[in-house]
Every structure is written in C-alpha cells, then in structure tokens.
Amino acid sequence: MINNPNQMNIAGKLARTFIDHPLTFILSLFILALGILSLEFMPREENPQIKVSGGAVIVALPGARPSQIKKVIIEPLEKKIHEIEGVEHIYSYAKESIAIVQVQYYIGEDKEESNLKLYNQVMRNMDLLPKGAMTPVIKTMDIDTDIPIATIAFYTIQNKISQTTLYNEVDKIAFQINKIKNVALVDLKGEKKEQYNIEVDANKLSAYKLSIGQIAKQIKALSLTTPNINSDNKNANLTVLSIKNAIESKEDLENIIISYNFNTPIYLKDIAKISRSYDIQNKKEALLYTKELNNATEQLTLTISKLKGSNSVTINEKIFDYIETIKPNLEKKNIKLVITRDDGYTANNAVNSLVQNLLISIVIIAILLIFSLGLREAMIVSLLVPMILSLTLFIGFMMEETINRITLFALIVSLGMLVDAAIIVIENIVRHKKEDKGKTDIKTLSINATNEIGNATNIATIAIIMTFIPMFFVGGMMGQFMHPLPVFVPIALIVSLIVAYIFTPYLVRKFLK
C-alpha cells in the first residue's frame, strides 16, 4: 500500500508523480536534447573568464618637471581615486610633462562598472588639476582581449622579401580577420614598419657646427599647409589645387638644405646616411624555431582575441578557414606561416575527450553494477548518467557559464558521485522486491522504497555540497579561476537526486516487472 502522500518526503512525491505519468518518457528525451544543444552551443574556451578590472589616467602638463607633476597632479588624483569603492592598488609615476596613475581593482569587480566609476571620479574632480593641464586620458584594461585565442607566425622563404614587405602583406590579412564576427582585437608582434631612416654622422655635424634640432626643424618644415581658398572668380566655382608631396623618395630627403656654409648649401646627404628601410629604432625581435627550418628565422606574429562569452571554437574555425583560402597566394609571394596557438582546437579537443571518457566511465560503472545488482539494474543506472550531465550542462548554459578546463574538471570530479543516488534508490527497490516476494505490485513497492531512503540520501548529498560551498568565498585570482568548480559540482549533485527520484522508479516499473 502506498504511504500517505502527506507523510511522503520529496523523493516519494517525485516517484509517485512520475512513475506512470505519460510524459515521463518524453521528459527524458527532452532532457537529453537539452544536453546535446548545450554541448553544441555552449561557448568553449581554454580557461575560464576571470574578472580583472583596472585602468590608467594620463594627464599632460607641458613644461612641468616630474617633481611638479607629482605635487599638483598625482597626489590630488590619488586621493580622489582612493575614494572609489573596490580599488585595491594605485601605482603612479611622473615623467617630464606627463603624469600616469594606474588603478587596480580587486579581482572579481565588474569591469564595466569599475571603468565607469573611474571615469566619473576623474571628470568630477577636473577642477583640482592645475591651469594648463590637458584633458585627462583614461585608458581602461581589458583582459578579455589581452589574451589571444589564436596566433599565427608569418615568415619569408629564404628571406626573398624584406621584413617591411612582409608587414604590409600581413597587415592586410589582419584587417580582413578583424571583420570576422566576435573577433575583438587583432595585433601584430615583431613587425618592421617601413620608414625613412636618417643616420647622422656626429663628426660631420660637429664640423659644420650644426645641431640635431636644426636638422629636425628643416625636415618638419616640409609639412605643407594649404590656405583657405575663396571662390572669388566670376562663376563662383571652387578651384582645387594639386600639391605634390614634399617627400616621395630617398633623393628628396638627401637634397634637403639644412644650412649654408660660406654661401654653399649643406645638404642632408652631406652629414647623414639616408635609407628607406624598416623602423630601426624598434629593437624588438621575434624569431621562429621549427623542425623544418635549420636556423631561427625572423617572423611576424598575428594575434587574435575574442569578445567575452563568445565561442573560441567557431571563431578559430572561421579564422583558419580564411587562412587556408589565402595560403596559396601567400606562398606565391614567398610567405609561409605556422599556427602557433589554437585555443579553439584545444578546448574542442578537451570537450570531445571528456565525452569519450564519460562514455567509458558509464560502461565501467555498468560492468561493476552487473556483478552487484544485476544486468537490468545496472543498465537503469547507466541510462541516468547522460540525463544528469545533460541537465547540468543546460543549467550552466542558462547561467552563461562556458565549457573550459575547470568546468570539465568539475564534471569529472562529480562523476563518481552522480550515480550514488540512483544506486541507492535501485538497490533499495531490489531489496524490497526480494523481501516482498511478489506480494506488492512493482509500482507501490518502488514508491515506498524511494520514499524510505529519501531523507537520508538528501542529507548525505547536502553534506557533500556543503564541502564545496567555501570555495565560493575564495578571493583573488585563484577564486575566479576555480569558480566553475563550486558552481557545477553542487548543480550536478542536486540534479542527480532529482533524476534518480523521477526516472529510477519509472525505469524499474518498465524493466523489472
């Protein structure tokens, strides 16, 4: 006889409601479908998103010395920025004519809100800045775009083209990649930009009694400014004049007159070596080492970052599909490339590996249960695991979580505990079935057996969940990084209880009549 519904706990009530409900089977299929959709559309990435907020306030005061900058700009700004809630550290330094105040918030502070608070605080206190100070520039930090999800190294075949030509070609590729949906930032590392280099001979400079300032002044004088044009002609038409560029070649620079020496012009070529090459003042160098190359070769790395919450797998697929289409054309131009980072592949491979491992784990669990409970009982428990994981992933998807290495670790950690509730329920049903010896129908027996172990199983599961609750209060970088663990493990355990109470009695009634 079924227990009084008013005396039943949650386990008994769920078992009684769904054991012969016509929609229970449809519900199981719906849960599995939710899991498949969540696995397909849930963003995948290498590491969890970490909330790191910060920014820099840059204020220029032309002509001011560092000591003056510190007193009239940095100290008042620091005092006001300290009033902002959530600020952890402030780092400042003064340079000639410029002040830079860097702000770091506590990890976990909302980025958009923190940026707005910093902007408002600086703008509200503009009156504290000295006369002559320029409008502050507020540059915020964005860790989501600072960490690339893909990097591609480009290099020339046997140095057949210059590094500046390589830069020009890769810069065009970067422009096209930046158009791809959800690509946030495209940057180049190790680039050699084209420019004219003027290497002044110090001895000749001294011999002609000239200064670097004179040379710079004469070169800047080539900047042409067109005056306003008034249409004073009879028909009131506007006449557009074409002005030739001042510098179009190396020879134009060489023939700049710097000064005169006894009425003899001193040309720039007389005191300096002029070349059209790359920016030699850029001392940074990027080298590529591969098995195919005998020696290290200069390379230019293209880095791509994604928008927060977007799927690195789909973004990288679009990026590398585009790269494949232009690869033959690049080789014709003596440019080769190597993919040096692909977070999309890593994340996708990790998820696929987890699915394979879960299937193997389900098989192992089924084999072990066959010897302790029986074949059909083992199959019932094994069927519940995919439903538990499906519902867990769907809830995570609704909470805007992503699939990353910590999410997968949380699911693996909880895997052994997910079947506990189902095993307890079916083991108790089998025990009642043996003791009853067919006197009670399987429906009543399953409901009573599930109700009997409900409270104890609930308490045991809550006790396990409580061990993960303190992880919510871990601060700093580690707390943010491990955030998916205290989220997904409790969700998985609660879901395992609900699934066990609903579907175990239902499957028992279907297969253990």
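Relevant structure appears above.
About the thresholds
Residues numbered from 1 in each chain as written. Predicted model: local features only at pLDDT ≥ 70, side-chain atom pairs only at ≥ 80, totals over all residues. Heavy atoms only, no water. Helix = DSSP H or I, 4+ residues; strand = E, 2+ residues; numbered from the N terminus. Buried < 20%, exposed > 50% of the residue type's maximum accessible area, 1.4 Å probe, protein only. Contact = heavy atoms within 4.5 Å. Pairing = 2+ DSSP bridges. Axes fitted to C-alpha atoms, helices over the stretch in contact; angles between N-to-C directions. Parallel < 35°, antiparallel > 145°, perpendicular 65-115°, else oblique. Left-handed = near helix turned anticlockwise from the far one by under 90°. Nonpolar A, V, L, I, M, F, W, Y, C, P; charged D, E, K, R; others polar. Expected span 1.5 Å × (residues − 1). Polar contact = N/O pair within 3.5 Å; in protein donor to acceptor, adjacent residues only side chain to side chain.

Chemist: Let's hear about the environment of Thr297: which residues, and what values?
Modeler: Mapping Thr297 onto the fold places it in strand E12 (residues 297-298). When its relative accessible area of 11% is taken as the criterion, Thr297 is described as buried. For the pair Thr297 and Leu287, spaced 10 residues apart in sequence, the C-alpha separation works out to 5.4 Å. In contact with Thr297, not counting residues within four places along its chain, are Tyr155, Asn159, Ala286, Leu287 and Leu288.

Chemist: Which residues make up the pairing of strand E5 (residues 150-156), and what values go with them?
Modeler: Along a regular strand, successive side chains alternate from one face of the sheet to the other. E5 sits mainly inside the fold: seven of its seven residues count as buried. Of the two faces of E5, the one lined by Ala150, Ile152, Phe154 and Thr156 and the one lined by Thr151, Ala153 and Tyr155 are each fully buried. Sheet analysis places E5 next to strand E13 (residues 300-306), joined by five bridges and oriented antiparallel. In the sheet register, Thr151 faces E13, and the bridge partner there is Thr303. Where E5 meets strand E14 (residues 335-342), seven bridges bridge the pair, whose relative direction is antiparallel. Bridging from a neighbouring strand, Ala150 pairs with Asp342 of E14.

Chemist: An account of the sheet that holds strand E4 (residues 137-140) is requested, with residue identities and associated values reported.
Modeler: Ordered in space as E2-E3-E1-E4, the four strands form an open sheet in which the pairing is antiparallel. The strands lining the two open edges of the sheet, one partner per strand, are strand E2 (87-95) and E4. Each strand of the sheet is rotated relative to its neighbour by a mean of 15 degrees, with strand direction disregarded. Here seven bridges tie strand E1 (residues 54-60) to strand E3 (residues 98-105), and the two strands are oriented antiparallel to one another. Bridging across to E3, Val57 finds its partner in Val101. Those strands touched by helix H3 (residues 66-81) are E1, E2 and E3, and its axis lies near 165 degrees from that of E2. Packing against the sheet, helix H4 (residues 111-124) makes contact with E1, E3 and E4, and its axis sits at approximately 165 degrees to E4.

Chemist: So, the packing of helix H1 (residues 10-18) against helix H18 (residues 484-511): which residues are in play, and what are the values?
Modeler: Contact pair H1 / H18: the axes reach a minimum separation of 8 Å and the direction vectors enclose 45 degrees. Overall, the two elements H1 and H18 adopt an arrangement that is oblique. The handedness of the crossing between H1 and H18 is right-handed. Within the contact between the two elements, H1 uses Ala11, Leu14, Ala15 and Phe18 and H18 uses Tyr501, Ile502, Pro505 and Tyr506. Partitioning the contact of H1 with H18 into residue classes produces eight nonpolar, no polar and no charged.

Chemist: I'd like a description of helix H11 (residues 312-332), backed by residues and values.
Modeler: For an α-helix, 3.6 residues make a turn, and residues three or four places apart therefore share a direction. For H11, built from 21 residues, the straight-helix expectation of 30 Å at 1.5 Å per residue is met to within 8% by its first-to-last C-alpha distance of 30 Å. Taken as a whole, H11 has its buried residues at Ser312, Val313, Ile315, Asn316, Ile319, Phe320, Ile323, Ile326 and Leu330. Tucked into the core, H11 has its buried residues touching E5, helix H6 (163-177), strand E6 (183-189), E13, E14 and helix H12 (343-372). Measuring from the backbone nitrogen of Val313 back to the side-chain oxygen at the start of H11 gives 3.0 Å, which picks out Asn311 as the cap. With its phi angle positive at about 65 degrees, Asn334 sits one or two positions after the end of H11.

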